[in-house]
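Spelled out, the chains give:
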Amino acid sequence: MFYEFKGFVPVVHPSSFVHPQAAVTGNVIIGKDVYIGPGAALRGDWGGIVIEDGCNVQENCTVHMFPGVTVVLKAGAHIGHGAIIHGATIGKNVLVGMNTVIMDEVEVGDESIIGAMSFINTGMQIPPRSLVVGNPAKIIKQVSDEMIAWKTKGTQLYQALPADLHATLRACEPLSEIPENRPAQESLYETWNKIKGS
């Protein structure tokens, strides 16, 4: 669902996929190959939201800000299920774990990994390649090449998802029984197998 607010209409690149059950309001700009999941709320009503190419904002995430602030998710940022980003800047190729809360004026450096259920307090400056966990959050070590390679492959899976959704997602009525010709489940993770092997 898209909503104009005070003359601002959201902008979404055609290669991206915003689920119909997401709510995108006002001053929101979404780049290429972005996935926005159902239940996500992107509220560009008091400021702006810029989601650069190749990001994903998964199910039930919230992105918002205080008046006059622009939230930026830089290219390849990966925002896990249920996370809240409020007035922060998320660097390139960052992973924000599920149900994490990132508060105002936080800057997360490129290629950092934020552990699930972490709380990043207002104004925290996180250097690039930091592994951050806890409530309150602490930097516990540097992200290794192996860790960022794993993260990058997971994000590539989400970057491929919009095209698959545009091609195959359809509203439907459920079946009352399992059909004999139901596809093999392996077809659901063909893309992941290709990405892992590359």
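The structure under discussion appears in the preceding block.
Everything numeric in this text was worked out from a predicted model, so none of it was measured. (Residues numbered from 1 in each chain as written. Predicted model: local features only at pLDDT ≥ 70, side-chain atom pairs only at ≥ 80, totals over all residues. Heavy atoms only, no water.)

Q: Sorry if this is basic, but what is going on with helix H1 (residues 145-168) here?
A: An α-helix turns once per 3.6 residues; consequently, residues spaced three or four apart project the same way. The first and last C-alpha atoms of H1 sit 35 Å apart over 24 residues, in line with the 34 Å expected at 1.5 Å per residue. Within H1 the residues assigned to the buried category are Ile148, Lys151, Gly154, Thr155, Tyr158, Pro162 and Leu165. Buried positions along H1 lie against strand S3 (17-18), strand S5 (35-36), strand S7 (56-57), strand S10 (78-79), strand S13 (95-96) and helix H2 (190-197). (Helix = DSSP H or I, 4+ residues; strand = E, 2+ residues; numbered from the N terminus. Expected span 1.5 Å × (residues − 1). Buried < 20%, exposed > 50% of the residue type's maximum accessible area, 1.4 Å probe, protein only. Contact = heavy atoms within 4.5 Å.)

Q: What is the right way to read the pattern of salt bridges from this model?
A: This model, assessed by the stated rule, comprises 3 salt bridges. Across the salt bridge formed by Asp45 and Arg43, the nearest N and O atoms sit 2.8 Å from each other. Under the relative-accessibility criterion, Arg43 is labelled partly exposed at 33%. Sharing partners across several salt bridges, the network here consists of Glu111, Arg129 and Asp145. (Salt bridge = Lys/Arg side-chain N within 4 Å of Asp/Glu carboxyl O.)

Q: Is there a simple way to explain the environment of Pro162 in this structure?
A: When you line up the elements, Pro162 lands in helix H1. For Pro162 and Val106, which are 56 residues apart along the polypeptide, the C-alpha to C-alpha distance reads 29 Å. Ignoring sequence-local partners within four residues, the contact set of Pro162 consists of Ser15, Ser16, Phe17, Asp33, Val34 and Tyr35.

Q: Explain the sheet that holds S13 here, please?
A: Strand pairing in a sheet takes place through backbone hydrogen bonds and is either antiparallel or parallel in direction. In spatial order, the strands read S3-S5-S7-S10-S13-S16-S19-S20; together these 8 strands make up an open sheet with mixed pairing. Among the strands making up the open sheet, the edge pair consists of S3 and strand S20 (137-142). For strand S16 (residues 113-114) and strand S19 (residues 130-134), the ladder comprises 2 bridges, and the chain directions are parallel. Its bridge partner being in S19, Ile113 is matched across the sheet by Leu131. (Pairing = 2+ DSSP bridges.)

Purely geometric stuff here, so don't read any function into it on its own.
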